[in-house]
Amino acid sequence: MSESCVFCRIIAGEIPGDFVHRDEEIVAFRDINPVASTHILLVPRDHIESVQSLLPEQADLVGRMVLRARELAEQEGIADRGYRLVVNCGSEGGQIVPHLHMHLIGGRKLDDRIG
Ligand code: 5GP
Ligand code: ZN
């Protein structure tokens, strides 16, 4: 864990989080500043900085994050209408928190154009 990392601190229980999922590998909690009625962050417990620091052996973790996001979309009742999964990487990619995470966003019609 990184003491200076807000997501590590949420995972450790030092900062409150509105959790919708927790397992030994991945947690999910609601974004503090949601852009749609469903805005959930899926976060690995391990402090991986970004896609840029992912190792080949962590590919399965990313796959499980996607499948968990699909399950949460179903729980949220947005799976049939559609949703967006976003992973920002680095400063020009819009990554603010340097701990790998996937946004699950839905509940309204999102812009057709990304970026
Ligand atoms: P990024 O821009 O790094 O992809 O996304 C970071 C996200 O984390 C933002 O959508 C932001 O609103 C969210 N966020 C930042 N700090 C906190 C926090 O303390 N709690 C929660 N739940 N979300 C946070
Ligand atoms: Zn972290």
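This one's a predicted model, so the numbers in the text were calculated from it and none came from an experiment. (Residues numbered from 1 in each chain as written. Chains lettered and ligands numbered in written order. Predicted model: local features only at pLDDT ≥ 70, side-chain atom pairs only at ≥ 80, totals over all residues. Heavy atoms only, no water.)

Peer 1: Talk me through the site of ligand 1; I want residue IDs and the actual numbers.
Peer 2: If you check the shell around ligand 1, you find 16 residues, and the closest are Asp31, Gly94, Ile96, His101 and His103. Interatomic distance of 2.9 Å between a backbone N/O atom of Arg30 and a nitrogen atom of ligand 1. Contacts to ligand 1 include Ile96, whose backbone N or O atom sits 2.7 Å from an oxygen atom. Relative to its unbound accessible surface of 520 Å², ligand 1 loses 82% to contact with the protein. Among the elements of the structure, helix H1 (6-11) and strand S2 (26-30) are those that each provide at least two residues to the shell around ligand 1. The biggest single contributor to the shell around ligand 1 is H1, with three residues. (Near = heavy atom within 4 Å. Polar contact = N/O pair within 3.5 Å; in protein donor to acceptor, adjacent residues only side chain to side chain. Areas by Shrake-Rupley, 256 points an atom, 1.4 Å probe, with all protein chains shown as cover. Helix = DSSP H or I, 4+ residues; strand = E, 2+ residues; numbered from the N terminus.)

Peer 1: Describe the packing of aromatic side chains, listing the residues and the values that go with them.
Peer 2: The final tally for this structure, using the stated rule, is two aromatic pairs. Centre to centre, the rings of Phe7 and Phe29 are 5.4 Å apart; their planes meet at 75°, and the pair counts as edge-to-face. A residue pair is termed long-range when its members are at least 10 positions apart, and Phe7 in helix H1 and Phe29 in strand S2 qualify at 22 residues. Residue classification places Phe29 among the buried residues on the basis of a relative accessible area of 3%. Ring geometry for Phe19 and Phe29: centres 5.6 Å apart, planes at 70°, overall edge-to-face. (Phe/Tyr/Trp six-rings, centres within 6.5 Å; stacked < 30°, edge-to-face > 60°. Buried < 20%, exposed > 50% of the residue type's maximum accessible area, 1.4 Å probe, protein only.)

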